Amino acid sequence: MGQFVLSCCSTADMKKEYFERRNIPYVCFHVTLDGKEYMDDLGQSIPFEDFYKKIQDGALANTAQVNVEEYIEFFEPFLKEGMDILHISLSSGISGTFNSANIAKDELMEKYPDRKILLVDSLGASSGYGLLVDLAADLRDQGKTIDDVYQWTVSNRLNIHHWFFSTDLTSYIRGGRISKTSGFIGTMLGICPLLNMDNEGHLIPRAKIRTKKRAIKEIVKKMEEHAKGGKEYSGKCFLSNSACYEDARQVADLIEASFPKLNGKVVINSVGTVIGAHTGPGTVALFFEGDERTV
């Protein structure tokens, strides 16, 4: 695992195989679906297609963050092994889990005063949060110290852009993000809301776009406007989707055609059960390195 442990939460929405290959332990959130609790364990407890089918059929989902005791249980084995920990957390703008991690850290530091636990609020979510973790893992693998990786992550987290659109407004209406009247009209007109993550880690509606085809073009346009180097962007690009892979594939194809210097192919992941409990099916999210998010 290198000289320190780099860890994150399951809500980074990367594949289980990815975390195993890159030696990144993750701690799982929880989701309750029609009264039955599941671990948010990257589709292991409940396959993503089953989860989104149940949501589509009207099942109600509730989520629970990682609590203090779970963080202690997660962190302590690494400390016992003599390892320091750099943990990157889901955005404090949408969850209280970062606060829980800090409380756990304070308790553990009394027991392991010679060890180090550094915590980063990603100010991100889903595979945008995953992209930040991925870039931190690159630095770890290059031999950077835990302090170097921590400083880089804190300094660069607002350069990770998160842009989302959704073709299904049902979950937004259920969650109160869109009124029933607006949702009904939006559905009738084929409106796809475009959202992004602001500089405090909140998910903010930015535009209402009519038709999915236009939404796909608009989200790629946002990458052209904000990516480092514009169309000369040579960094990584991640997508996540909630039961709408073909829509995500269309976005990926357009990006790969528009950004010839991209670092590899666009990586497409699934929106996990915790984030998906709030977005529902039909969401495509785009993540890349760009200019600093200031609003």
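Report on the accompanying structure. Only a predicted model underlies this, so the values are computations on that prediction, with no experimental measurement involved.

Calculation rules
- Residue positions are given per chain, counted from 1 along the sequence in the order it is written.
- In view of the model being predicted, local features appear only for residues whose pLDDT reaches at least 70, and side-chain atom pairs are presented and counted only at 80 or more, with totals across whole chains, interfaces and linings using the full set of residues.
- Side-chain numbers come from the whole structure's heavy atoms, not from hydrogens or water.
- Strands are runs of DSSP state E lasting at least two residues, helices are runs of H or I lasting at least four, and both sets are numbered from the N terminus onward.
- The atom set for the radius of gyration is the C-alpha atoms, and the globule formula is 2.2 Å times the number of residues raised to the power 0.38.
- For every residue, the accessible area (1.4 Å probe, protein chains only) is compared with the maximum for its type, and the residue is labelled buried under 20%, exposed over 50%, or partly exposed between those bounds.
- Only heavy atoms matter for contacts: two residues are in contact if any of them lie within 4.5 Å across the pair.
- The Shrake-Rupley method, run with a 1.4 Å probe sphere, supplies the accessible areas, and residue values consider only the shown protein chains as cover.
- Whether two strands pair depends on DSSP finding at least two bridges between them.
- Structural elements are reduced to axes, namely lines fitted to C-alpha atoms, with helices fitted over the stretch in contact, and the angle between N-to-C directions of any two is expressed from 0 to 180 degrees.
- By definition here, a salt bridge exists when the distance from a side-chain nitrogen of Lys or Arg to a carboxyl oxygen of Asp or Glu is within 4 Å.
- Each cavity reported here is a set of points on a 1 Å grid over the protein atoms alone in which a 1.4 Å probe fits but cannot get out, each pocket an open set with protein on both sides within 12 Å along at least five of seven lines, and each lining residue one with an atom within 4 Å of a point.
- Grid points are joined across faces, edges and corners, and a volume is the space filled by probe spheres set on the points.
- Gly falls in the polar group here, along with every residue not listed as nonpolar (Ala, Val, Leu, Ile, Met, Phe, Trp, Tyr, Cys, Pro) or charged (Asp, Glu, Lys, Arg).
- Each aromatic pair joins two rings of Phe, Tyr and Trp (for Trp, the six-membered one) with centres within 6.5 Å, and gets the label stacked for planes under 30 degrees apart, edge-to-face for over 60, and tilted for any other angle.
- Helix span, as expected, comes to 1.5 Å for every residue beyond the first.
- It is the directions from the helix axis to the C-beta atoms whose arc is reported.

So, on to the overall build of the protein chain. Check the secondary structure of the protein chain and you find 11 helices and 13 strands. Relative to a compact globule of 295 residues, whose C-alpha radius of gyration would be 19 Å, the protein chain shows 19 Å and is just as compact. Here the C-alpha coordinates of the protein chain stretch approximately 60 × 50 × 30 Å along the principal axes. Across the 295 residues of the protein chain, 55% fall into the buried class. Contacts in the protein chain between residues far apart in sequence, at least 24 positions, make up 76% of those at least 6 positions apart. In the form shown here, the protein chain has an accessible surface area of approximately 13100 Å², with 49% of it arising from carbon and sulfur atoms.

Attention shifts here to the sheet that holds strand E7 (residues 117-121). The sheet built from four strands is open, its strands ordered E2-E1-E6-E7 with parallel pairing. Each having just a single partner strand, strand E2 (26-27) and E7 make up the two edges of the open sheet. The strands touched by helix H3 (residues 68-80) are strand E1 (4-9), E2, strand E6 (84-89) and E7; relative to E6, the strand with the most contacts, the crossing angle is about 150°. Helix H4 (residues 97-111) contacts E6 and E7 of the sheet and is inclined by roughly 170° relative to E7.

A separate point is the pattern of salt bridges. Here the structure, examined in full by the defined rule, presents 20 salt bridges. Measuring nitrogen to oxygen at the nearest pair gives 2.7 Å for the salt bridge that ties lysine 53 to aspartate 57. On the basis of relative accessibility, which here comes to 45%, the residue lysine 53 falls in the partly exposed class. Classification of aspartate 57 by relative accessible area gives exposed; the value is 56%. Across the pair arginine 249 and aspartate 253 runs a salt bridge whose closest N-O atoms are separated by 3.0 Å. Of the two residues, arginine 249 and aspartate 253 are both situated in helix H10 (residues 245-258); the distance of four residues between them amounts to about one turn of the helix.

Here we come to the sheet that holds strand E5 (residues 61-64). With antiparallel pairing, the three strands of this open sheet are ordered in space as E4-E3-E5. The open sheet is flanked by strand E4 (36-39) and E5, the only strands paired with a single partner. Averaged over neighbouring strand pairs, the angle between their axes works out to 25° when direction is ignored. The pairing of strand E3 (residues 30-33) with E4 spans four bridges and is antiparallel. By the bridge assignment for E4, threonine 32 is matched with glutamate 37.

By volume, the second largest pocket is sized at about 200 Å³. In this structure, the second largest pocket is lined by 15 residues; those nearest its centre are Met14, Lys15, Phe48, Asn269 and Ser270. Of all the secondary-structure elements, those providing two or more residues to the lining of the second largest pocket are helix H1 (16-21) and strand E12 (267-270). A total of three residues in the lining of the second largest pocket trace back to one element, the largest contributor, which is E12. Among the residues forming the lining of the second largest pocket, the class breakdown is five nonpolar, six polar and four charged.

Here the focus is the packing of aromatic side chains. Taken as a whole and assessed by the stated rule, the structure comprises seven aromatic pairs. Arranged with centres 5.7 Å apart and planes meeting at 85°, the rings of phenylalanine 74 and phenylalanine 78 form a pair that is edge-to-face. Residue phenylalanine 74 and its partner phenylalanine 78 are both found in helix H3; the two are separated by four residues, about one turn of the helix. What makes phenylalanine 74 buried here is its relative accessible area of 13%. Residue class for phenylalanine 78 comes out buried when judged on its relative accessible area of 12%. By way of ring pairs, the aromatic residues Tyr71, Phe74, Phe75 and Phe78 are connected into one cluster.

Next up on the list: the pairing of strand E9 (residues 191-197). One face of the sheet, then the other: side chains in a regular strand alternate in exactly this way. The buried fraction of E9 amounts to seven of the seven residues, a majority that puts the element mostly inside the structure. Both faces of E9 are covered, namely the face carrying Ile191, Pro193, Leu195 and Met197 and the face carrying Cys192, Leu194 and Asn196. Looking at chain direction, strand E8 (residues 160-166) and E9 are connected through three bridges and run antiparallel. Note on E9: the bridge partner recorded for phenylalanine 164 is leucine 195.

Further remarks concern unusual backbone geometry. Its identity as a non-glycine residue notwithstanding, asparagine 23 has a phi of 55°, on the positive side. On the accessibility criterion, asparagine 23 (38% relative accessible area) is partly exposed. A positive phi angle is found at serine 126, which is not glycine, with a value near 50°. Residue position: serine 126 is located in helix H5 (residues 126-141).

In an α-helix, one full turn covers 3.6 residues, which means residues spaced three or four apart are oriented alike. Taking 1.5 Å of rise per residue, 15 residues should cover 21 Å, and helix H9 (residues 212-226) covers 21 Å from first to last C-alpha, within 8% of that figure. Listed in full, the buried residues belonging to H9 are Ala215, Ile216, Ile219, Val220, Lys222 and Met223. Here the buried residues of H9 occupy an arc of 145° about the axis, which is enough to place them on one side. Those residues of H9 that are exposed and angled more than 90 degrees off the buried face are Lys213, Arg214 and Lys217. Where H9 is buried, its residues meet E8, E9, strand E10 (203-210), strand E11 (237-241), H10 and strand E13 (283-289).

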